[in-house]
Amino acid sequence: MPERLFVCTPSKLGTYADCPRRYRYAYVDRPSPPKGPPWAHNSVGASVHTALRNWYALPSDRRAVAELPMLLKATWVGEGFRDTEQERAAYRRALGWVESYVTGLDPSDEPLGIERVVATKTSVLAFNGRADRIDARPGPSGPEAVIVDYKTGRFEPTADDARGSQALALYAYAAQRTFRRPCHRVELHHLPSGTVAAHEHTEESLSRQMSRAEDTARDIMTAEKAVAAGADPDAEFPVRPGTLCSWCDFRRNCPAGTDRPAKEPWAAMG
Ligand code: SF4
């Protein structure tokens, strides 16, 4: 029997790379341990992503900055904030970000995809992921696809972040196969600062990232098989305590997380 392919998304692979125990809580243990309360910064991120998606869903002659207050309000996620005042301030800040971001866009541009799923298979894994946006741009030898990822966090990403992001590389790898055109450029669009951090991949660097993803997939499958055969799940999916624990949804249920300082759900609001 051929080995089953490991079905994965960037967030599944990223979760294991961050902490195998967190991966187990999120994807292996059933029922999954209860998560902590929702985070305000996730609410802001989700709201901004949805507003931009819905802005592109408008006919191009209606894609105006003036549409944004209504779009952002209609799908605003109000979870995790300390109080109404903080939530209102976050809404106003987010509206400012999307307004200035959209001012720099050409409303007549039709991206290849908005929140579009791209997928590909190798001999080890079946990858699928939803890219925020995939642009069509002219390249030196014809049309190319460009991966665009929106960022709303406090830290301004750098070109190194774009180069090192496994998720972006895997989207590019899969987009080449989905759209049958080259896709080497990946971009992090940081809305709070209005900056773009970009990297041009090569075929080699994309393949290298895919090989790394396959290595992670093999590690996960080995651990899952060992647990199914009776091995100790705590040993197969070890904890990896660090600064991430304070932001981990499973901190309350994890032996390594309970002694880490807790963050309030709105801690990243500044
Ligand atoms: S609290 Fe820390 S060690 Fe525990 S699962 Fe979360 S990230 Fe891993």
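Located above this text is the structure these notes cover.
Residues numbered from 1 in each chain as written. Predicted model: local features only at pLDDT ≥ 70, side-chain atom pairs only at ≥ 80, totals over all residues. Heavy atoms only, no water.

Q: Any chance you could break down the environment of alanine 262 for me, citing the residues and the numbers?
A: One can find alanine 262 in the segment after helix H9 (233-236). For alanine 262, a relative accessible area of 52% puts it in the exposed group. Considered as a pair, alanine 262 and cysteine 245 are 17 residues apart in the sequence and their alpha carbons are 8.5 Å apart. (Helix = DSSP H or I, 4+ residues; strand = E, 2+ residues; numbered from the N terminus. Buried < 20%, exposed > 50% of the residue type's maximum accessible area, 1.4 Å probe, protein only.)

Q: Can you lay out the pattern of salt bridges for me, pointing to particular residues and giving the numbers?
A: Side chains that carry opposite charge are capable of pairing whenever their charged atoms lie near each other. Counting across every chain of the model gives 16 salt bridges. The partner of arginine 24 in a salt bridge is aspartate 29, with the nearest N and O atoms 3.1 Å apart. The class of arginine 24 is buried, set by a relative accessible area of 10%. Residue arginine 137 is joined to aspartate 135 by a salt bridge in which the shortest nitrogen-to-oxygen separation is 3.0 Å. Among the charged side chains, a salt-bridge network with shared partners connects Arg133, Asp135, Arg137, Arg185, Glu187 and Glu200. (Salt bridge = Lys/Arg side-chain N within 4 Å of Asp/Glu carboxyl O.)

Q: Account for the site of the ligand, with residues named and values stated.
A: Every residue near the ligand is listed here: Cys19, Arg21, Arg22, Val239, Arg240, Pro241, Cys245, Cys248, Arg251, Cys254, Ala256 and Gly257. Across the shell around the ligand, the residue classes tally to seven nonpolar, one polar and four charged. (Near = heavy atom within 4 Å. Nonpolar A, V, L, I, M, F, W, Y, C, P; charged D, E, K, R; others polar.)

Q: So what about the packing of aromatic side chains? Which residues, and what values?
A: Within the structure shown, the criterion is met by 11 aromatic pairs. Judged by centre distance (6.0 Å) and plane angle (15°), the rings of tryptophan 76 and phenylalanine 81 are stacked. Assessed through its relative accessible area of 17%, tryptophan 76 is described here as buried. Given the relative accessible area of 10%, phenylalanine 81 is considered buried. Connected via pairs of aromatic rings, a cluster forms that spans Tyr16, Tyr23, Tyr27 and Phe237. Positioned above the aromatic ring of tyrosine 27 is the side chain of lysine 12, whose terminal nitrogen or guanidinium carbon lies 5.7 Å from the ring centre. The ring of tyrosine 173 is capped by arginine 177, whose NZ or CZ atom sits 3.7 Å from the centre of that ring. (Phe/Tyr/Trp six-rings, centres within 6.5 Å; stacked < 30°, edge-to-face > 60°. Lys NZ or Arg CZ within 6 Å of the ring centre and 35° of its normal.)

Q: A description of helix H2 (residues 20-28) should follow, citing residues and the corresponding values.
A: All of the buried residues along H2 are Pro20, Arg21, Arg22, Tyr23, Arg24 and Tyr25. In the core, the buried residues of H2 are packed alongside strand E1 (6-8), helix H1 (10-18), helix H8 (203-228) and H9. (Contact = heavy atoms within 4.5 Å.)

Q: Please set out the side chain of threonine 216 residue by residue, giving values where relevant.
A: With respect to the helices, strands and loops of the structure, threonine 216 is situated in helix H8. The buried category is assigned to threonine 216, whose relative accessible area is 14%. Excluding residues within four positions of it along the chain, threonine 216 makes contact with Leu13 and Tyr16.

Q: So what's going on with the nonpolar core? Which residues, and what values?
A: Grouped together as the largest cluster of nonpolar side chains are 35 residues, with contacts concentrated most on Phe6, Leu125, Ile134 and Ile147. Secondary structure elements with two or more residues in this core: E1, H1, strand E3 (125-139), strand E4 (142-151), helix H7 (166-179), strand E5 (185-190) and H8. The biggest single contributor to this core is H7, with nine residues. (Core = buried A, V, L, I, M, F, W, Y, C linked by side-chain atoms within 4.5 Å.)

Q: Give me unusual backbone geometry: which residues, what numbers.
A: The residue after arginine 30, namely proline 31, is reached through a cis peptide bond having omega 0°. In this structure, proline 31 sits in the loop between H2 and helix H3 (40-57). With phi around 45°, glutamate 115 is a residue other than glycine that occupies positive phi space. On the secondary structure map, glutamate 115 appears in strand E2 (residues 113-121). Accessibility expressed as a relative area gives 18% for glutamate 115, which makes it buried. Non-glycine residue arginine 180 carries a positive phi angle of around 50°. Summarising the element assignment, arginine 180 is placed in the loop between H7 and E5.

Q: Talk me through the pairing of strand E6 (residues 195-200); I want residue IDs and the actual numbers.
A: Strand direction decides the pairing type here: E5 and E6, joined by six bridges, are antiparallel. Along E6, the bridge assignment pairs arginine 185 with glutamate 200. Between E5 and E6, which follow one another and run antiparallel, lie four residues, and glycine 194 among them has a positive phi close to 70°. (Pairing = 2+ DSSP bridges.)

Q: Just give me the short version of the environment of proline 107, but keep the residues and values in it.
A: With respect to the helices and strands, the residue proline 107 is situated in the loop between helix H5 (84-103) and E2. Take proline 107: its relative accessible area is 30%, and that puts it in the partly exposed class. Taking the C-alpha atoms as reference points, proline 107 and glutamate 264, 157 residues apart in sequence, are found 39 Å from one another. Aside from chain neighbours lying at most four places away, what touches proline 107 is Trp55, Ser60 and Arg63.

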